[in-house]
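# Observations on chain architecture
Next come the chains, spelled out residue by residue.
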Amino acid sequence: MIDDAIEFLEPYTYLIIGSVKALVIAGALLGIVPLLVWLERRLMGRFQVRLGPNRVGPFGLGQPISDSIKLLFKESIIQGSADKFLFHLAPAIVVFTAIVTFAVIPFGDPITVMDQEIGLWAANVDIGLLFVFAISGMGIYGMVLAGFSSNNKYSLMGGLRSSAQMISYELTLGLAALSVIVLTGSLSLIDMVNSQDSYPNILIQPLAFLLFFIAGVAETNRAPFDLPEAEQELVAGFHTEYTGMKFAMFFMGEYINMVTMSALVTLLFLGGWNSYGIPVWPIIAFAGKVGFLLCVFIWLRSTYPRIRYDRLMTFGWKVLVPLSLLNLLVTSVFVVL
Amino acid sequence: MELLIFYPLAGLCVAFALGVVINNSPVGSAMSLIAMMLGLAGIFVLQQAHFIAVLQIIIYAGAIMVLFMFVIMLLNLKGSGEDASWRSRDKNLLMTVLSGFLVAGLLYKILCVLNSGEFDSPASLPENFGTAREVGTILFTEFVLPFEVASILLLVAMIGAVVLAKNKVD
Amino acid sequence: MLESYLGAGIMMLMAIGIAGGMVVMTSMLGPKREFADKMEPFECGESPIVSPHQRFSVKFYLVAVLFVLFDIEAVFFFPWAILFKQLGMFGFIEMLLFILILGVGLLYVWKRGGLDWE
């Protein structure tokens with residue numbers, strides 16, 4: 001009976017494994033978001049010499065859960081003159097791109113279960129890094145559409161601003177990653193980790209790391225680059241008109257992007273799951289590095305004030321882009337010699 | 001298996017392509033165009049052209065369509081007001097004739113290609129076909145000159161954009 | 001080769017399900033109480049009198065055009081970076097020329113004030 005079932009399922013093994021992996025990864029991402037919100041609120045509380053949420057559950061861990069239940073049952077107001085379809089589509093695009101981007105992020109060497117080699121990633125594509133850039137670039141439309149469909153001047157302005165910001169910093173992201181590709185000779189994220197088994201890339205490419213991380217913070221719209229939600233000028237930017245869960249979906253996208261960006265920095269510059277002699281499981285090493293970077297994200301938010309919009313744009317175009325081109329040039333000179 | 005993926009993708013592409021034409025709001029048209037390009041990228045993947053697929057998303061769906069959206073928002077195109085200078089019947093007639101020519105030409109070309117037998121049997125592809133490495137090898141050895149000329153083209157476009165945009169500001 | 005993309009495809013279907021499910025759920029679960037004032041676009045304590053659809057600064061357009069151009073440039077870099085170790089000196093000079101030509105462009109845009117936001 002069971003043998004029959006196994007035999008019947010044999011040709012679909014890949015499909016089944018793929019589905020299970022996708023389910024686990026998507027579930028983990030959705031689970032990490034409330035945890036991250038909790039971590040951010042607790043840490044921010046400590047940074048600002050207060051306690052942070054500590055009433056619901058142990059250490060306030062129940063807070064994000066109760067928050068999300070509350071958000072789900074809030075009224076979703078659609079402003080009368082808004083374009084209804086696009087208004088619904090915008091937050092869906094943000095969450096969709098955030099989740100799909102994570103599909104190509106590997107987090108460990110393949111493991112063997114029941115004679116099946118299972119890679120710890122949803123998809124292993126040879127153009128992994130470009131896939132990340134391509135899909136995360138689609139997230140811009142979520143903001144543009146949210147701004148456009150709301151039919152509100154603050155939203156429109158916020159949408160335009162954040163998309164202009166994102167496309168400017170996307171360039172630096174790509175150009176800074178190029179020096180790592182030159183060193184590795186591959187676009188596959190797994191190859192990149194394997195090429196760092198003796199020392200992490202950050203030691204030989206500190207400038208590229210810095211540029212990539214700055215661009216990454218801007219790309220995820222986190223402080224000090226959180227211009228889309230510059231409350232003082234734009235109310236709440238492109239999500240001014242959003243309420244309830246749809247409002248939360250934008251933040252969900254932001255937090256998932258934060259995790260993806262931390263994972264990407266870890267893979268490119270910090271050696272991925274290589275632990276360099278410290279006896280921990282590879283996946284723990286990877287999670288530890290990602291967790292540390294996430295804390296840096298929160299740390300940045302509570303340290304730096306928001307940067308002015310014109311400064312932000314000129315900083316991106318006049319400092320980051322030329323510097324990353326220069327870094328690429330210097331790297332290639334060293335490689336060719 | 002491949003056909004099982006191809007037909008839904010192709011169907012989606014055609015549907016969204018129709019959506020571009022039919023949609024009333026320019027933003028809706030642009031979104032359909034983006035969705036169509038994503039479907040096209042999927043078809044490229046089926047054709048083993050992985051690198052081209054990702055370029056399709058990055059350049060067309062990612063960069064050029066952002067420009068389109070910006071232009072739509074900048075010009076404040078909302079809904080389709082009837083063009084006053086043209087009577088719509090004349091316009092429609094002209095459009096029909098022109099697009100008829102286009103469709104006829106396209107069909108003729110497709111028939112030619114089908115009859116030539118070039119695509120009859122799927123040739124067995126080399127293992128690394130379509131990867132960034134293969135595309136790069138050809139681009140940077142055989143086609144060096146077009147590659148360098150492309151940089152001049154980009155330079156011209158850059159200068160043109162600045163001249164146009166800055167003149168309007170002054 | 002194609003199998004590796006299957007995983008990404010499954011992930012996409014899953015993401016569509018999650019994102020769509022959330023939007024549908026929040027539209028169904030929440031209360032619905034509509035009245036005229038609530039349906040107005042948000043404005044600070046007054047009724048919105050100016051249409052949000054005004055013309056915007058051409059600066060955004062310029063940024064988008066420059067982004068398209070530099071993105072195409074960056075895309076040329078990617079296969080080059082993979083092959084760089086094989087191409088050696090030849091590849092280096094090739095790309096040096098490419099970067100220099102585009103560097104001239106960047107310099108021109110810079111000098112004309114195309115990168116200034118004001």
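### Some points on the overall build of chain C
- For chain C, the helix and strand inventory stands at 2 helices and 0 strands.
- Per-residue burial over chain C gives 40% buried out of 118 residues.

### Brief notes about the overall build of chain A
- From N to C terminus, chain A includes 12 helices and 2 strands.
- Taken over the C-alpha trace, chain A has a radius of gyration of 21 Å; the compact-globule value for 337 residues is 20 Å, and the two agree within 12%.
- With the principal axes as the frame, chain A shows a C-alpha extent of 65 × 55 × 40 Å.
- For chain A, buried positions account for 55% of its 337 residues.
- Contacts in chain A between residues at least 24 apart in sequence constitute 77% of all its contacts with a sequence separation of at least 6.

### Points about the interface of chain C and chain A
- Taken together, the 55 residues of chain C in the interface contact 65 residues of chain A.
- When contributions to the side of chain C that touches chain A are tallied by element, the ones reaching two or more residues are helix H1 (2-29) and helix H2 (59-111) of chain C.
- For the side of chain C that touches chain A, the element with the highest residue contribution is H1(C), accounting for 21 residues.
- Of the residues belonging to the side of chain C that touches chain A, the class tally is 39 nonpolar, 7 polar and 9 charged.

### Notes on helix H11 (residues 282-303) of chain A
Residues and elements named next belong to chain A.
- For H11, which comprises 22 residues, the first-to-last C-alpha distance of 32 Å matches the rise-based estimate of 32 Å (1.5 Å per residue) to within 8%.
- Looking only at H11, the buried set comprises Ala285, Phe286, Lys289, Val290, Leu293, Leu294, Phe297 and Ile298.
- At its buried positions, H11 is contacted by helix H2 (13-47), helix H8 (206-219) and helix H10 (244-269).

### Let's talk about the nonpolar core
- Core analysis: the largest hydrophobic core is formed by 186 residues, its most contacted members being Val95(A), Ile99(A), Phe212(A) and Met11(C).
- Top contributing element to this core by residue count: H2(C), with 25 residues.
- Each of two domains, domain 1 (1-80) and domain 3 (131-170) of chain B, supplies a minimum of three residues to this core.
- Dropping the residues within four chain positions of it, Phe212(A) is found in contact with Leu173(A), Ala176(A), Ala177(A), Val265(A), Leu268(A) and Phe269(A).

### Overview of the interface of chain C and chain B
- Listed by partner, the interface residues are 39 residues for chain C and 37 residues for chain B.
- Per element, the largest residue contribution to the side of chain C that touches chain B is 29 residues, and it comes from H2(C).
- The residue makeup of the side of chain C that touches chain B, split by class, is 28 nonpolar, 6 polar and 5 charged.

### Re the confidence of the model for chain C
- For chain C, per-residue confidence averages 79 on the pLDDT scale, and 80% of positions sit at 70 or higher.
- Here the complex is predicted with pTM 0.87, and the ipTM for its interfaces comes to 0.84.

### Remarks on the packing of helix H5 (residues 132-141) of chain B against H2(C)
- Interhelical geometry of H5(B) versus H2(C) gives an angle of 25° and a closest axis separation of 8 Å. Classed by the angle they form, the pair H5(B) and H2(C) counts as roughly parallel. As for how H5(B) packs across H2(C), the hand of that crossing is right-handed. Listed contacts from H2(C) to Ala132(B), Arg133(B), Val135(B), Gly136(B), Thr137(B), Leu139(B) and Phe140(B) of H5(B) are Phe78(C), Pro79(C), Trp80(C), Ile82(C), Leu83(C), Leu87(C), Gly91(C) and Glu94(C).
- Classifying every residue of the contact of H5(B) with H2(C) gives 10 nonpolar, 3 polar and 2 charged.

### What about unusual backbone geometry?
All names here are of chain A.
- Notably, Val49 is not glycine yet its phi reads approximately 50°, a positive angle.
- Along the polypeptide, Val49 turns up in the loop between H2 and helix H3 (62-72).
- Val49 gets classed as exposed once you count the C-beta atoms within 10 Å, which come to 6.
- A positive phi is found at Asn221, a non-glycine position, where the angle reads about 60°.
- With respect to the helices, strands and loops of the structure, Asn221 is situated in the loop between H8 and helix H9 (231-234).

### Comments concerning the confidence of the model for chain A
- Confidence in the prediction of chain A, expressed as mean pLDDT, is 84, and 97% of residues score 70 or more.
- Per-element confidence in chain A is highest for H8(A), whose mean pLDDT is 90, and lowest for H9(A), whose mean pLDDT is 66.

### So, the packing of helix H2 (residues 26-46) of chain B against helix H3 (residues 50-75) of chain B
Residue and element names in this part refer to chain B.
- Between H2 and H3, whose axes approach to 8 Å, the crossing angle comes to 175°. What the angle tells us is that H2 and H3 run roughly antiparallel. Facing H2, whose interface residues are Pro26, Val27, Ala30, Leu33, Ile34, Met37, Leu38, Leu40, Ala41, Phe44 and Val45, H3 presents His50, Ile52, Ala53, Gln56, Ile57, Tyr60, Ala61, Met65, Phe68, Met69 and Ile72.

### Things to note about H2(A)
All names here are of chain A.
- With 35 residues, H2 extends 49 Å from end C-alpha to end C-alpha; this agrees with the ideal 51 Å at 1.5 Å per step.
- Of the residues making up H2, those classed as buried are Gly18, Lys21, Ala22, Ile25, Ala26, Leu29, Val33, Leu36, Trp38 and Glu40.
- Positive phi appears at Val49, one or two residues downstream of H2, with a value of about 50°.

Cut-offs applied
- Residues numbered from 1 in each chain as written.
- Chains lettered and ligands numbered in written order.
- Predicted model: local features only at pLDDT ≥ 70, side-chain atom pairs only at ≥ 80, totals over all residues.
- Helix = DSSP H or I, 4+ residues; strand = E, 2+ residues; numbered from the N terminus.
- Buried ≥ 20, exposed ≤ 12 C-beta atoms within 10 Å, placed from the backbone.
- Rg over C-alpha atoms; globule rule 2.2 N^0.38 Å.
- Contact = placed C-beta atoms within 7 Å.
- Nonpolar A, V, L, I, M, F, W, Y, C, P; charged D, E, K, R; others polar.
- Expected span 1.5 Å × (residues − 1).
- Core = buried A, V, L, I, M, F, W, Y, C linked by C-beta atoms within 7 Å.
- Domains from an automatic or database assignment.
- pLDDT = per-residue confidence, 0-100.
- Axes fitted to C-alpha atoms, helices over the stretch in contact; angles between N-to-C directions.
- Parallel < 35°, antiparallel > 145°, perpendicular 65-115°, else oblique.
- Left-handed = near helix turned anticlockwise from the far one by under 90°.

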